[in-house]
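# A closer look at the structure
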Amino acid sequence: MTEKPTLDQWAAAAAKEVKGKDLNWETPEGITVKPLYTAEDVTPDKVGDPGLPGFAPFTRGVRASMYAGRPWTIRQYAGFSTAEESNAFYRRNLAAGQKGLSVAFDLATHRGYDSDHPRVVGDVGKAGVAIDTIEDMKILFDGIPLDQMSVSMTMNGAVIPILAFFIVAGEEQGVERRLLDGTIQNDILKEFMVRNTYIYPPEPSMRIISDIFGYTSREMPRFNSISISGYHMQEAGATQVQELAFTIADGAEYVRYGVASGLDIDKFAGRLSFFFAIGMNFFMEIAKLRAARVLWHRVMTKLGAKDERSKMLRTHCQTSGVSLTEQDPYNNVMRTTIEAMAAMLGGTQSLHTNALDEAIALPTDFSARIARNTQIVIQEETGMCNVVDPLGGSYYIEALTQQLVDAAQEIIDRVEAEGGMAKAVAAGWPKAMIETAAAARQARVDRGEDVIVGVNKYRLANEDLLETLEVDNSKVREAQIARINKVKAERDEAACQAALDALRRAAAGEQSIENNLLAHAVEAARARATLGEISSAMEDSFNRYGTVPTPVKGVYSKPYSRDARWQQVLDGVQAVERRLGRKPKILIAKMGQDGHDRGANVIASAFGDMGFDIVSGPLFQTPEETVVLALDSGADVVGASSLAAGHKTLIPELIRQLREQGRNDVKVVAGGVIPPQDYDFLRDAGVQGIYGPGSNVVECAADVLRLLGHNMPPAGLEEAA
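Residues numbered from 1 in each chain as written. Predicted model: local features only at pLDDT ≥ 70, side-chain atom pairs only at ≥ 80, totals over all residues. Heavy atoms only, no water.

Here is the rule we go by: UniProt positions are given in the numbering used here, feature names are shortened, and annotations may be inferred rather than shown by experiment.
An unreviewed UniProt entry lists the chain under the name methylmalonyl-CoA mutase, with Sphingobium fuliginis given as the organism. The UniProt entry for the chain carries the following text under Sequence similarities (unreviewed entry): "Belongs to the methylmalonyl-CoA mutase family." What UniProt states about the chain under its Cofactor (unreviewed entry) heading is, verbatim, "adenosylcob(III)alamin".

### A few points about the overall build of the chain
Basically, it comes down to this: Helix and strand assignments follow DSSP, with helices taken as H or I runs no shorter than four residues and strands as E runs no shorter than two, numbered in order from the N terminus. Taken over C-alpha atoms, the radius of gyration is set against a globule rule of 2.2 Å times the number of residues to the power 0.38. Accessible area is worked out with a 1.4 Å probe on protein chains only. A residue is then buried under 20% of its type maximum, exposed over 50%, and partly exposed in between. The method behind every accessible area is Shrake-Rupley, applied with a 1.4 Å probe, and residues are considered shielded solely by the protein chains displayed.
Scanning the chain from terminus to terminus reveals 27 helices and 16 strands. A globule of 721 residues ought to have a C-alpha radius of gyration of about 27 Å, and the chain, at 26 Å, matches this closely. Across its three principal axes, the chain shows a C-alpha extent of roughly 85 × 75 × 50 Å. Put simply, the chain has 721 residues, and 59% of those count as buried. Counting every atom, the chain has about 28100 Å² of accessible surface; 52% of that belongs to carbon and sulfur.

### Details of the nonpolar core
So the rule is basically this: Note on terminology: a nonpolar core comprises buried Ala, Val, Leu, Ile, Met, Phe, Trp, Tyr and Cys residues joined through side-chain atoms within 4.5 Å. Throughout, a residue-residue contact means that at least one pair of heavy atoms, one from each residue, lies within 4.5 Å.
Phe246, Ile248, Tyr254, Trp296 and Met421 are the most contacted members of the largest nonpolar core, which has 80 residues in total. In this structure, Trp296 is in contact with Ile248, Gly251, Ala252, Val255, Leu272, Phe274, Ser310, Lys311, Met312 and Leu313, ignoring residues within four places of it in sequence. Within the second largest apolar cluster, 59 residues are counted, among which are Ala158, Val159, Phe223 and Phe542.

### Re a nonpolar patch on the surface
Stated precisely, the cut-off is as follows: Here, patches come from residues exposed beyond 30% relative accessible area and free of salt bridges, joined within 9 Å for like charges and within 5 Å for nonpolar side chains (Val, Leu, Ile, Met, Phe, Trp, Tyr). Each salt bridge in this description consists of a side-chain nitrogen of Lys or Arg and a carboxyl oxygen of Asp or Glu lying within 4 Å of one another.
On the surface, Leu7, Trp10 and Leu36 cluster together to form a nonpolar patch covering roughly 240 Å² of accessible area. Mapping Leu7 onto the fold places it in helix α1 (residues 7-17). Relative accessible area serves as the criterion here: at 39%, Leu7 is assigned to the partly exposed category.

### A closer look at the packing of aromatic side chains
In plain terms, the rule: A pair of aromatic rings is counted whenever rings of Phe, Tyr or Trp (Trp by its six-membered ring) have centres within 6.5 Å, and the orientation is called stacked for planes under 30 degrees apart, edge-to-face for over 60 and tilted otherwise. Lysine and arginine charges are scored as sitting over a ring when NZ or CZ, respectively, is within 6 Å of the ring centre and within 35 degrees of the ring normal.
Scanning all chains against the criterion turns up 20 aromatic pairs. A centroid spacing of 5.2 Å and a plane angle of 25° characterise the contact between Phe213 and Phe268, whose relative ring orientation is stacked. In this pair, Phe213 sits in helix α8 (residues 202-219) while Phe268 sits in helix α11 (residues 265-268), placing the two residues 55 residues apart along the sequence. The two residues Phe213 and Phe268 agree in class, both being buried. Here the aromatic residues Tyr37, Phe282, Phe283 and Tyr396 are joined through ring pairs into a cluster of three or more. Here the guanidinium or amino end of Lys648 rests over the ring plane of Phe681, the centre of that ring lying 4.9 Å away.

### Brief notes about the sheet that holds strand β14 (residues 637-642)
The condition is simple: Two strands pair under a simple rule: DSSP has to find at least two bridges between them. Simply put, an axis is a line fit to the C-alpha atoms, just over the touching stretch for a helix, and the angle between two N-to-C directions goes from 0 to 180 degrees.
One open sheet accounts for five strands, arranged β13-β12-β14-β15-β16; its pairing is parallel. Of all the strands in the sheet, the pair left with one neighbour each is β13 (613-616) and β16 (689-691). Averaged over all neighbouring strand pairs, the angle between strand axes comes to 20°, with direction disregarded. Pairing of strand β12 (residues 585-589) with β14, which is carried by four bridges, proceeds in the parallel orientation. Bridge pairing in β14 places Ala589 opposite Ala640. Helix α24 (residues 623-633) rests against β12, β13 and β14 of the sheet, and its axis sits at about 160° to β12. Those strands touched by helix α25 (residues 647-660) are β14 and β15 (667-672), and its axis lies near 165° from that of β15.

### A look at the confidence of the model for the chain
Close reading of the predicted structure is inappropriate where its pLDDT is low. Test applied: pLDDT expresses, on a scale from 0 to 100, how confident the predictor is about each individual residue.
Overall, the predicted model of the chain reaches an average pLDDT of 91, with 97% of residues at or above 70. Per-element averaging of pLDDT across the chain places strand β3 (residues 73-78) at the bottom with 76 and helix α20 (residues 517-526) at the top with 98. Note that residues 717-721 has pLDDT below 50 and, in this model, eleven contacts with residues that lie over four places away or in other chains.

### Some thoughts on the pairing of strand β9 (residues 272-278)
Put simply, the rule reads: For crossovers, right-handed means that the path from the first strand over the helix to the second runs clockwise, given strands pointing away from the viewer.
Judged by how many residues are buried, β9 sits mostly within the fold: seven of seven residues are covered. Considered for its hand, the β-α-β crossover made up of β9, helix α12 (residues 282-302) and strand β10 (residues 315-319) is right-handed.

### What about unusual backbone geometry?
Of note, the bond from Ala56 into Pro57 is cis; its omega dihedral lies within 30 degrees of zero at 5°. As for its position among the elements, Pro57 is in the loop between β2 (32-33) and α2 (66-69). Located in the positive-phi region is Tyr458, a residue other than glycine, with phi close to 60°. For Tyr458, the location among the structural elements is in the loop between α17 (429-446) and α18 (473-490).

### Notes on the packing of α12 against helix α15 (residues 395-417)
Test applied: Small angles under 35 degrees read as roughly parallel and large ones over 145 as roughly antiparallel, with 65 to 115 read as roughly perpendicular and the rest as oblique. Put simply, a crossing is left-handed when the front helix is turned counterclockwise from the back one by less than a right angle, and right-handed when it is turned clockwise. Each residue gets one of three labels, nonpolar for Ala, Val, Leu, Ile, Met, Phe, Trp, Tyr, Cys and Pro, charged for Asp, Glu, Lys and Arg, and polar for the others, Gly among them.
In the contact formed by α12 and α15, the axes pass within 8 Å of each other and the chain directions differ by 55°. Classified by the angle between their axes, α12 and α15 sit oblique to one another. Considering the relative orientation of α12 and α15, their crossing is right-handed. Listed contacts from α15 to Phe283, Met284, Ile286, Ala287, Lys288, Arg290, Ala291, Val294, Leu295 and Arg298 of α12 are Tyr396, Ile397, Glu398, Leu400, Thr401, Leu404, Val405, Ala408, Gln409 and Ile412. Counted by class, the contact of α12 with α15 contains 14 nonpolar, two polar and four charged residues.

### With respect to the environment of Asn24
Structurally, the position occupied by Asn24 is in the loop between α1 and β1 (25-26). Given the relative accessible area of 38%, Asn24 is considered partly exposed. The spacing of Asn24 and Leu263 is 239 residues in sequence and 49 Å in space, taken between C-alpha atoms. Apart from residues lying up to four places away in sequence, Asn24 is in contact with Thr32, Val33, Lys34 and Pro35.

### Side note on the environment of Gly546
Examined against the element boundaries, Gly546 turns out to sit in the loop between α21 (531-542) and α22 (564-580). The exposed category is assigned to Gly546, whose relative accessible area is 54%.

Laid out in structure tokens, this is it:
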């Protein structure tokens with residue numbers, strides 16, 4: 001009989017094959033992944049008992065039969081232009097096999113503005129559907145029975161008017177509130193950390209959440225009152241450990257607020273749901289979902305929940321948008337498929353798969369069909385759904401799950417020690433931690449240490465343009481304004497103002513059942529108050545919240561200490577500084593209502609490390625406000641960051657106003673999600689540098705130096721700058 005080889009013998013054989021190379025992998029989370037896992041890594045003293053599917057601590061899934069009994073719900077997150085166009089898109093997708101709706105709202109709606117507000121000229125109908133009145137909401141769901149369809153709505157800032165419109169739209173379809181099924185995101189803490197589509201300060205925002213908990217627990221037993229979201233954290237640059245820890249900590253904070261407002265934990269906790277991103281680290285994402293269920297069971301037990309349903313983490317997942325590339329975009333089909341498989345193997349309850357063109361534009365019908373069919377093929381053709389938790393018992397998965405639980409628990413313990421997530425968010429350290437991770441990730445990509453096929457390796461010599469969907473922003477805005485005016489002309493103005501006054505008094509009063517904000521907003525929606533009017537009534541008491549980004553320092557420069565091209569850029573910045581008598585100054589501008597600031601913050605951090613003088617503009621500026629800041633600060637360059645399709649409206653207006661001031665000398669460059677088809681339009685408008693997704697940040701800086709008159713050598717040449 002052949003003697004069984006030992007681990008030492010395996011290690012010797014592996015080392016010989018790779019000539020002594022260390023095969024351990026240090027992940028961005030700080031977790032060491034070994035090249036081989038065995039039964040010794042999953043002994044009871046190292047890994048807790050995962051139990052059985054459907055039973056505590058739900059490591060292996062929240063239902064005993066999981067997909068063998070019923071597959072996950074196929075959702076497509078979509079919404080664009082008008083309610084009519086979005087409705088038609090939904091109905092086509094539902095006819096083709098989609099099982100639930102997931103609504104994307106435009107940024108004007110997110111931020112509580114009606115489409116006729118002067119601050120949202122470039123945002124209406126872009127990156128989501130415009131909803132100004134109950135009539136828009138009724139059109140959005142026309143022909144879609146709300147007593148039969150599960151509806152997920154990604155809304156946090158204007159959550160009160162949107163949920164009120166949804167309730168009244170159901171009523172006017174003949175559907176009672178108690179029959180409405182779906183989820184509202186309603187997760188404001190992560191907005192203050194990463195996504196920034198908030199309206200009010202943290203404290204009144206938390207009151208809004210607990211008022212929604214109270215109303216839905218009494219009136220809407222089938223409706224999930226919150227979707228606690230880690231998705232936007234990972235998209236903003238968080239590691240999987242950070243996403244996991246902060247999401248669970250957010251959930252604990254919301255439960256505490258609900259209990260403090262007088263709710264029984266077991267009466268509302270069972271209607272909480274979660275939302276995670278699924279990126280390209282395949283096994284890490286599978287283990288993350290398993291770890292999340294363990295941690296939530298632990299947290300809810302500690303908070304006093306008795307009902308096992310209250311301790312059960314149910315989640316929606318979405319494949320990563322950040323992992324998608326503008327370059328060689330058909331690779332995105334494979335990326336999304338891999339991510340969808342990770343979500344499925346991790347045990348998600350519903351899933352949205354991103355379309356191949358979403359790195360640069362809204363999805364077309366063609367790309368959305370491929371994304372949707374990715375899930376259908378996995379469900380129908382692969383046999384993956386026939387076994388419950390197919391990777392359960394994998395030495396690697398079980399060990400990795402425990403490592404994630406332990407690493408996330410350390411962060412959760414810090415949050416709890418400092419008084420909870422609301423206080424941590426106010427202190428700013430979770431946001432800083434995520435921005436540090438984002439800057440480090442960008443540096444690894446730019447140096448080729450993290451490979452992205454088609455971007456920093458195997459790049460095509462020539463790229464074919466991808467046909468993309470474009471929304472006529474001005475046409476949509478005109479149509480929305482016409483409908484707003486019609487609704488206002490036909491409503492009972494006295495009844496509407498009385499309902500708004502009652503909401504205003506409730507916001508100014510103490511939190512109580514009588515002052516429930518959602519209940520009063522429902523009355524205002526019935527009276528045909530607009531979204532902006534409902535938001536403004538609460539703003540009179542709560543005020544509007546705003547922040548200025550603070551870039552992290554020193555993170556981007558660390559990996560470049562011996563890089564020749566980096567040194568050329570540093571030398572170039574110093575040469576410009578000698579010529580000007582000061583450092584070259586760049587204003588990083590976020591115009592419009594897009595709060596996604598990962599790109600802007602990474603650029604600010606990286607350019608600061610290269611020696612530029614950085615002015616980080618406030619979020620949500622108008623072009624006029626950006627011009628004033630650029631001139632007052634003495635900026636040489638304005639870098640306009642656009643991730644929400646407002647670039648063709650906002651950036652030309654910025655340039656026009658600079659020219660009106662006689663300041664053609666101020667250079668304007670643009671970066672972010674900008675389709676290549678729009679480059680000529682922007683250049684004709686006066687944009688002098690365009691840096692789309694996948695651009696190398698060091699080369700972006702080199703190009704800016706050329707715009708400032710410095711003779712930078714081309715990339716790859718080693719002579720001194």
